[in-house]
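Here is how the chains run, residue by residue.
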Amino acid sequence: MGRHAISLPAPPVSASPQLRVGPRPARWHDAVPPCPIPARAILGRTRTNVINQLVPATLDNACLFLPELTSGRYHDAVLDERSFQLKVWDAAFGRMVEREVYSGGAQDQFALALRLGFALAALPLELGVAPTFIFLDEPVASYDRTRRQAFVELVRSGLIGQRFEQILVAEPEGIFSD
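Residues numbered from 1 in each chain as written. Predicted model: local features only at pLDDT ≥ 70, side-chain atom pairs only at ≥ 80, totals over all residues. Heavy atoms only, no water.

Novice: Sorry if this is basic, but what is going on with the overall build of the protein here?
Specialist: Within the protein one finds five helices and five strands. In the protein, which comprises 178 residues, the proportion classed as buried is 24%. Long-range contacts, defined here as pairs at least 24 residues apart, represent 54% of the contacts in the protein between residues at least 6 apart. (Helix = DSSP H or I, 4+ residues; strand = E, 2+ residues; numbered from the N terminus. Buried < 20%, exposed > 50% of the residue type's maximum accessible area, 1.4 Å probe, protein only. Contact = heavy atoms within 4.5 Å.)

Novice: Help me understand the side chain of T58, please; the structure alone is not making it clear to me.
Specialist: Along the chain, T58 falls in helix α2 (residues 39-69). In this structure T58 touches L114, G117, F118 and A121, once residues within four positions along its chain are discounted.

Novice: What am I meant to see in helix α4 (residues 145-156) here?
Specialist: An α-helix turns once per 3.6 residues; consequently, residues spaced three or four apart project the same way. Under the 1.5 Å per step criterion, the end-to-end length of α4 is 16 Å for twelve residues, consistent within 8% with the ideal 16 Å. Looking only at α4, the buried set comprises R148, A150, F151, V152, L154 and V155. Residues of α4 that are buried make contact with α2, α3 (104-122), β4 (133-137), α5 (159-163) and β5 (166-170). (Expected span 1.5 Å × (residues − 1).)

Novice: Any chance you could explain the packing of aromatic side chains here in plain terms?
Specialist: Any two aromatic rings considered together are summarised by their centre-to-centre distance and by the angle between their planes. Tallied over the full model, the rule gives three aromatic pairs. Seen in terms of ring centroids, Y74 and Y102 are 5.3 Å apart; in terms of plane orientation they differ by 75°. Their pairing is edge-to-face. Pair noted here: Y74 is in the loop between α2 and β1 (77-79) and Y102 is in the loop between β3 (95-98) and α3, with a separation of 28 residues, a long-range link. In terms of burial, Y74 and Y102 fall into one category: buried. With a centroid separation of 5.2 Å and an interplanar angle of 85°, the aromatic rings of Y102 and F110 are classed as edge-to-face. Residue Y102 is classed as buried on the basis of its relative accessible area, which comes to 9%. Residue classification places F110 among the buried positions, given a relative accessible area of 1%. (Phe/Tyr/Trp six-rings, centres within 6.5 Å; stacked < 30°, edge-to-face > 60°.)

Novice: When you look at the sheet that holds β3 in this model, what are you seeing that I'm missing?
Specialist: Note on sheets: strands pair through backbone hydrogen bonds, and any given pair is parallel or antiparallel. Reading across from one edge, β1-β2-β3 is the order of the three strands in this open sheet, with antiparallel pairing throughout. Each edge of the sheet is formed by a strand with only one pairing partner; in this case those strands are β1 and β3. Between one strand and the next, the sheet's axes are offset by a mean angle of 35°, whatever the strand orientation. Pairing between strand β2 (residues 86-90) and β3: four bridges, direction antiparallel. Bridging across to β3, W89 finds its partner in M96. (Pairing = 2+ DSSP bridges. Axes fitted to C-alpha atoms, helices over the stretch in contact; angles between N-to-C directions.)

Novice: How should the pattern of salt bridges be read in this particular structure?
Specialist: Two side chains with opposite charge may pair up if their charged atoms get near one another. Per the stated rule, a full pass over the model turns up three salt bridges. Note that E98 is salt-bridged to K87, the shortest N-O span being 3.8 Å. Taken together, the positions of E98 in strand β3 and K87 in strand β2 put the pair eleven residues apart, joining distant regions of the chain. On the basis of relative accessible area, E98 is assigned to the partly exposed category, the value being 31%. (Salt bridge = Lys/Arg side-chain N within 4 Å of Asp/Glu carboxyl O.)

Honestly, it's all geometry; don't read function into it.
So this is what it looks like as structure tokens:
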């Protein structure tokens, strides 16, 4: 398919002496007045504000979910501000340990805690404004039976169950069968 040229009509001639329509600019950005604040600066400030507000709240919320999702094994997490790598307190090591050290299943638990933490942190706090539902797509696919049951309790009577009226979970194994 080739390109098609579109012929635009000439600009209208104004009958009002105060409103004059002149020739079209050669390029669209010639018609846009210069922005007093460069877009890059605005995006940079927006990014900083989001990081300064959402990241701490996400981590605080994620730490509420970690003990429940990991059968009490992990209780605390931090995010390295430079690398954005998650570190989790591990009593066996006696220190914060990078997420990559853990098994895929443990990493999935940390990821779910972060997703749930972000969902709560990103919602507006005003009553009547926040969505009343959450959709989770196969959140516990790699979990063992004990951790799946912990997730079910989190949804039914824990913080997620208390915060959302409707919780939609796509899970092929029927974890809510009882």
